[in-house]
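Here's the letter readout for the chains.
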Amino acid sequence: MITPAIVRRNTPHRYRMEAQKCAACGKVFFPPRLVCTCGSRKFKAYALPSEGKVITHTVIRTAPRGFGDEAPYCMGIVELKDGSRVLCQIADCEPHRLKVGLQVTIEFRKIQEAGESGVIAYGYKAVPER
Amino acid sequence: MRDVAIIGIGMTDFGEMWNDSLRDLFVKASLEAMDDAGVDHIDGLVAGCMSPGLFAGQEHIGSLMADYLGQAPIPGVRVESACASGGMALRTGIAYVASGMHNVVLCGGVEKMTDVSGAQATYALATAADQDYEAFHGVTFPGLYAMMATAHMHKYGTKREDLAQVAVKNHDNGLLNPHAQYRMKITVEQVINSVKVADPLNILDCSPITDGAAAVIICPLEMAKKMKKKPVVKISASTHATDTIALHQRDDITWLKSTAEAAAKAYKMAGVKPEQIDFAEVHDCFTIAEICVLEAMGIVKKGEGGKATREGLTARDGKFPVNPSGGLKSKGHPVGATGIAQIHEIVTQLRGEAGRRQLKRARRALAQNMGGSGGSAVVHILEVL
Ligand SMILES: [Zn+2]
């Protein structure tokens, strides 16, 4: 679901990769949460690094609603330099180039156009290092 | 807490049931279960269903089913835990009976999936993933399991053929199940050459879109023993565990922690070791899932699920048969019904009523039902007295 209110409240982490670090145990959360698994509710602002590597991947051939025109497209789970992980599309990448260990950089991209409002949702995608 | 037993089972055929609505399916399976148990009244009803709202435009089905079953004003409730909704319905009913709140409870599962388009169904199913951090990026359910497969193949050397063998084996079993949606034999080559869905998974690695329902009647074990109608099936363990619903937030992408946790607790509750279980019905929504489940349940070592499948461990005539019903792959996967359909197969086998697919050893069995990419898991151990 994508509406103007949803886009607005997701902006800090979707647009700027703003994460948080537990003040008690140091665990990093992306997206931010209200309570850590250690029980602490105090967090410090933390920016995720933008470089990382693909730890697993797929090529989506049958796409969900809203992504039909783009299929086939590459997706992966990216482990960033600090060990944090995100799931996102791997853009500007031919399927045959996908491999575990592929070095990528997180970039700001258009994700989908959706809903009756036609709201354009932006966010992060991984792009192989050139 | 009282011990609980299963005294009645019923299920519809699984498939594209164009003539049956959501309520028709549920009531048909329920009436069959009540007839099998020999009861015309139930004290409570639990309906497992993942998304009647998105698949049939209908919520509030606990009351709807109680009414159409002719049992209103008994309490009726729907429970949801994605594809583990059926297993959760049984576990919820067990809590009612074990606690003494109710005596005879119907636990059913249902999903009516073919009234909507394929794209709408894909969307509805994707709501079991993390909407904001998985589905938002365009990943599908096959896509999430495909990423588990890629990681498993990379880490353990699991072969593409091993994945395919899960589907081949389950179709061999489903061929003998009159309720199964796809009763046809397939080969490893056919799986590998079928239409690509999310690499490395093809269409024949995926469970289908299915309409169907299943139901069981449970009551206190002592009450069941007095009925003496059919062999009494005791529920010796019922467990449930959760994990992150987002796949990428797990330390190990190939490890189904919720299943491992629920299975370990179940073995303890039943007082048995994995090797004392005769067979299992597990959640093979995708071929890779069955491989990862075998490992998480402690049936094989980490990383050896593919090898074990290749060597025939899980075949009908193997040492540990898995999915004698045909599994989700061949029998079909009406998501909310699946967990109860697994119980239906186990009770059928334990009673010795499985006909051509009857297993030689069937005294104690395990059912593993999983939600999403493993964000929830429900495990039951049943044994015949
Ligand atoms: Zn902490």
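See the structure shown above.
Residues numbered from 1 in each chain as written. Chains lettered and ligands numbered in written order. Predicted model: local features only at pLDDT ≥ 70, side-chain atom pairs only at ≥ 80, totals over all residues. Heavy atoms only, no water.

Visitor: Please explain the coordination of the zinc ion as it appears in this structure.
Guide: Put simply, a metal with four donors set out as a tetrahedron has ideal angles of 109.5 degrees, and one with six donors set out as an octahedron has ideal angles of 90 or 180 degrees. Residues and elements named next belong to chain A. Cys 22 (SG), Cys 25 (SG), Cys 36 (SG) and Cys 38 (SG) make up the full set of protein donors to the zinc ion, lying at 2.2 to 2.4 Å. One chain supplies every donor to the zinc ion, and in sequence these donors are spaced C-x2-C-x10-C-x1-C. Of this pair, Cys 25 sits in the loop between β1 (18-22) and β2 (28-29) while Cys 38 sits in the loop between β2 and β3 (43-47), and the two are 13 residues apart along the sequence. Judged by its relative accessible area of 43%, Cys 38 is partly exposed. (Donors = N, O, S within 2.8 Å, 3.2 Å for Na, K, Ca; no water. Helix = DSSP H or I, 4+ residues; strand = E, 2+ residues; numbered from the N terminus. Buried < 20%, exposed > 50% of the residue type's maximum accessible area, 1.4 Å probe, protein only.)

Visitor: Teacher, can you tell me more about the sheet that holds β2 of chain A here?
Guide: Residues and elements named next belong to chain A. Pairing in this open sheet of three strands is antiparallel, and the strands run β2-β1-β3 from one edge to the other. The sheet is open, and its two borders are formed by β2 and β3, each paired with just one other strand. Where β1 and β2 come together, two bridges link them in antiparallel fashion. Bridging across to β2, Gln 20 finds its partner in Phe 29. (Pairing = 2+ DSSP bridges.)

Visitor: What am I meant to see in the side chain of Thr 239 of chain B here?
Guide: Residue and element names in this part refer to chain B. Within the secondary structure, Thr 239 sits in strand β8 (residues 233-242). Owing to a relative accessible area of 3%, Thr 239 belongs among the buried residues under this scheme. Here the side chain of Thr 239 touches Ala 262 through a polar contact of 2.7 Å, landing on its backbone oxygen. (Polar contact = N/O pair within 3.5 Å; in protein donor to acceptor, adjacent residues only side chain to side chain.)

Visitor: Help me understand the sheet that holds strand β9 (residues 279-281) of chain B, please; the structure alone is not making it clear to me.
Guide: Backbone-to-backbone hydrogen bonds pair the strands of a sheet. The strands run either parallel or antiparallel. All names here are of chain B. If you walk across this open sheet you meet the nine strands as β3-β2-β4-β7-β1-β8-β11-β10-β9, and the pairing is mixed. The strands lining the two open edges of the sheet, one partner per strand, are β3 (76-79) and β9. If you compare each strand with its neighbour and ignore which way they point, the axes differ by 30 degrees on average. Inspection of the sheet shows strand β2 (residues 44-48) paired to β3 by four bridges, in the parallel sense. Looking across to β3, one finds that Leu 45 is bridged to Gly 76. Sitting on the sheet, helix α1 (residues 22-37) is in contact with β1 (4-11), β2, β4 (105-111) and β7 (212-220), with an inclination near 130 degrees to β1. (Axes fitted to C-alpha atoms, helices over the stretch in contact; angles between N-to-C directions. Contact = heavy atoms within 4.5 Å.)

Visitor: Where do I start with unusual backbone geometry in this structure?
Guide: In terms of backbone geometry, most residues other than glycine have negative phi values and most peptide bonds are trans. In this model, Ala 72 of chain B is joined to Pro 73 of chain B through a cis peptide bond whose omega is 15 degrees. Examined against the element boundaries, Pro 73 of chain B turns out to sit in the loop between α3 (61-68) and β3. For the peptide bond that leads from Asp 199 of chain B to Pro 200 of chain B, omega is 5 degrees, which places it in the cis range. If you trace the backbone, Pro 200 of chain B turns up in the loop between β5 (196-198) and β6 (201-202). The phi dihedral of Met 17 of chain A is positive, around 55 degrees, even though this residue is not glycine.

Visitor: Sorry if this is basic, but what is going on with a nonpolar patch on the surface here?
Guide: All names here are of chain A. A cluster of nonpolar side chains, Phe 108, Ile 120 and Tyr 122, forms an exposed patch at the surface whose accessible area comes to about 260 Å². By secondary structure assignment, the location of Phe 108 is in strand β7 (residues 103-114). Residue Phe 108 is classed as partly exposed on the basis of its relative accessible area, which comes to 46%. (Patch = residues over 30% accessible without salt bridge, like charges linked within 9 Å, V, L, I, M, F, W, Y side chains within 5 Å. Areas by Shrake-Rupley, 256 points an atom, 1.4 Å probe, with all protein chains shown as cover. Salt bridge = Lys/Arg side-chain N within 4 Å of Asp/Glu carboxyl O.)

Visitor: I would appreciate a short explanation of the packing of helix α4 (residues 85-99) of chain B against helix α14 (residues 335-350) of chain B in the present structure.
Guide: Describing two packed helices takes the angle between their axes plus the distance from one axis to the other. Residue and element names in this part refer to chain B. Where α4 contacts α14, the two axes come as close as 5 Å, and the packing angle between them is 60 degrees. Note on element contacts: α14 touches α4 through Gly 336, Gly 339, Ile 340 and Ile 343, opposite Ser 85, Gly 86, Gly 87 and Leu 90. A class-by-class count of the residues in the contact of α4 with α14 yields three nonpolar, five polar and no charged. (Nonpolar A, V, L, I, M, F, W, Y, C, P; charged D, E, K, R; others polar.)

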